[in-house]
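Descriptive structure summary
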Amino acid sequence: MTRGILTTPVTRIDGAASRSTQDLLAVEEPLEIRVGGRTVSITMRTPGNDFELAAGFLFGEGILRHADDIREISRPESVSENPRKQENSVDVSLNDGVEVDFERLERHFYTTSSCGVCGKASIEALQIQGCPMLPRESPMVAMDVIHGLPGALRRDQAAFERTGGIHAAALFRANGELIGLREDVGRHNAVDKVIGSEFLARRTPLGDAVLLVSGRASFELMQKALMAGVPMLAAVGAPSSLAVEVARRFSMTLLGFVRDGRFNIYSGEWRIQ
């Protein structure tokens, strides 16, 4: 067992026959994200790349602007006598002079579809956070590159290949070259991990990148891509209405149903060659 995958006994039914066997499951555990010792979020995730997840989450929420804001990311030393709880906590220490508006953070969390924040308020919040209006002229991506992205994603989904129950998010260059890929039980966590990796490496904004997600495209994923300066988001599944509205408002290219040699363009057709 790794921390991200575990084995469990199951009874497998095939027609009228049954047999006892073992199955692999994607692990789902909580991660407490702290800033300076103060809890700001608890998310259910697949263990692994937790520091990237924390950095990507804080960057996507507009709490961090630059990797230099961070002094250290570590596991809290004395969360609990339970070592598992310590493994499920991350503390982000900020450099002197970096201020966090915790009240704004609490007011503007809209991390689930049931949070009750209307579309208009959500998009206005993005404008208040300073989300960029992306340049229309770049990048240009060929249709055959887009058709090849789902296959490239699937080839590198090691955990999905073993469990069949995990999402992926991948960043590609305009020519289809893979920049990075992360997997998680939560789509938003996979996006935080892959963007957090680039953020910590000081390679944001990602103005020449394409973000591909294995499921649907939601408002939250659009927000994370926009904050990272990603001009094109492609989803294997469908977009939500608010995702389309965000894409059109901020000059993003949004593609849906990218699979089986086809896709829909919901916004930003000018970037497709």
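The following refers to the structure shown.

Taking strand neighbours across the sheet as the criterion, the 6 strands line up as 8-7-9-10-11-12 in an open arrangement whose pairing is mixed. In this open sheet, the two edge strands, each paired with only one partner strand, are strand 8 (178–184) and strand 12 (262–267). Neighbouring strand axes in the sheet, compared pairwise and without regard to direction, differ in orientation by 20° on average. Relative to strand 9 (residues 209–213), strand 7 (residues 167–173) is paired through 5 bridges, and the arrangement is antiparallel. In the strand pairing of strand 9, leucine 171 is matched with leucine 211. Strands in contact with helix 9 (residues 241–249) are strand 11 (253–259) and strand 12; relative to strand 12, the strand with the most contacts, it is inclined by about 65°.

Buried residues dominate helix 8 (residues 219–227), accounting for 9 of its 9 residues. Within the span of helix 8, buried status applies to Phe219, Glu220, Leu221, Met222, Gln223, Lys224, Ala225, Leu226 and Met227.

Counted under the stated rule, the structure contains 9 salt bridges. We note a salt bridge from aspartate 50 to arginine 45, for which the minimum N-O separation is 2.7 Å. Each member of the pair, aspartate 50 as well as arginine 45, carries the same accessibility label: buried. Look at the salt bridges and you will find they share partners, linking Arg45, Asp50 and Arg75 into a network.

So, about the packing of helix 1 (residues 50–60) against helix 7 (residues 187–200). Running from N to C, helix 1 and helix 7 cross one another at 90°; their axes reach a closest spacing of 6 Å. Viewed along their axes, helix 1 and helix 7 adopt a mutual orientation that is roughly perpendicular. For the pair formed by helix 1 and helix 7, the contact residues are Phe51, Glu52, Leu53, Ala55, Gly56, Phe57 and Phe59 on the first element and Asn189, Asp192, Lys193, Ile195, Gly196, Ser197, Phe199 and Leu200 on the second. Split into classes, the residues belonging to the contact of helix 1 with helix 7 amount to 8 nonpolar, 4 polar and 3 charged.

All right, on to the sheet that holds strand 4 (residues 38–45) then. Read from one edge of the open sheet, 4 strands run 4-3-6-5, paired in mixed fashion. Because the sheet does not close on itself, it has two edges, and the strands there are strand 4 and strand 5 (70–74). Direction aside, the axes of adjacent strands within the sheet are offset by 20° on average. Relative to strand 6 (residues 89–94), strand 3 (residues 29–35) is paired through 4 bridges, and the arrangement is parallel. Opposite glutamate 32, over in strand 6, you have serine 89 as the bridge partner.

A few words on the packing of aromatic side chains. Under the defined criterion, the tally for this structure stands at 1 aromatic pair. Judged by centre distance (4.5 Å) and plane angle (20°), the ring pair of phenylalanine 59 and phenylalanine 199 falls under stacked. Remark: phenylalanine 199 occurs in helix 7 and phenylalanine 59 occurs in helix 1; sequence separation between them is 140 residues. Accessibility assignment for this pair places phenylalanine 59 and phenylalanine 199 in one class, buried.

Next up on the list: the environment of serine 89. Structurally, serine 89 can be placed in strand 6. Here serine 89 falls in the buried class, since its relative accessible area comes to 1%. C-alpha of serine 89 to C-alpha of isoleucine 42: the two residues are 47 residues apart in sequence and 9.0 Å apart in space. At a separation of 3.0 Å, a polar atom in the side chain of serine 89 contacts the side chain of glutamate 32.

Take the nonpolar core next. In this structure, Leu211 and Leu233 are the most contacted members of the largest nonpolar core, which totals 50 residues. Sort the elements by how many residues they give to this core and helix 1 lands first, with 6 residues. Dropping the residues within four chain positions of it, leucine 211 is found in contact with Ala169, Ala170, Leu171, Val191, Val194, Ala225, Val230, Met232, Leu233 and Ala234. Phe172, Met232, Val236 and Ile272 belong to the second largest nonpolar core, which has 20 residues in total.

Note on placement: leucine 233 falls in strand 10 (residues 232–235). Here leucine 233 falls in the buried class, since its relative accessible area comes to 0%. Counting along the chain gives 16 residues from leucine 233 to alanine 217, while the straight-line C-alpha distance between them is 8.1 Å.

Quick notes on the rules
- Position labels on residues start from 1 in each chain and follow its written sequence.
- Thresholds applied to this predicted model are a pLDDT of at least 70 for local features of residues and 80 or more for the giving and counting of side-chain atom pairs; totals over whole chains, interfaces and linings are not thresholded and use all residues.
- The basis for every side-chain value is the complete set of non-hydrogen atoms in the structure, without hydrogens or water.
- Strands are treated as partners if at least two bridges between them are detected by DSSP.
- Here a helix means four or more residues in a row that DSSP labels H or I, a strand means two or more in a row labelled E, and each is numbered from the N terminus.
- Each axis is a line fitted through C-alpha atoms, and for a helix only the stretch in contact is used; angles between axes span 0 to 180 degrees, taken between their N-to-C directions.
- Two residues form a contact once any of their heavy atoms are found within 4.5 Å.
- Each residue's exposure class comes from its accessible area (1.4 Å probe, protein chains only) as a fraction of the maximum for that residue type: buried when under 20%, exposed when over 50%, partly exposed otherwise.
- Each reported salt bridge corresponds to a side-chain nitrogen of Lys or Arg within 4 Å of a carboxyl oxygen of Asp or Glu.
- Put simply, angles under 35 degrees are roughly parallel, angles over 145 are roughly antiparallel, angles from 65 to 115 are roughly perpendicular, and the rest are oblique.
- All residues other than Ala, Val, Leu, Ile, Met, Phe, Trp, Tyr, Cys, Pro, Asp, Glu, Lys and Arg, Gly among them, are scored as polar; the first ten of these are nonpolar and the last four charged.
- For Phe, Tyr and Trp, where Trp contributes only its six-membered ring, two rings pair if their centres lie within 6.5 Å, and the inter-plane angle classes them as stacked under 30 degrees, edge-to-face over 60, or tilted in between.
- Side-chain atoms alone can form a polar contact between residues adjacent in sequence; in general such a contact is a pair of N or O atoms within 3.5 Å, and within protein one must be able to donate a hydrogen while the other accepts it.
- Among buried residues, the Ala, Val, Leu, Ile, Met, Phe, Trp, Tyr and Cys ones that are joined through side-chain atoms within 4.5 Å form a nonpolar core.

Take it as geometry only, folks, not as evidence of what the structure does.
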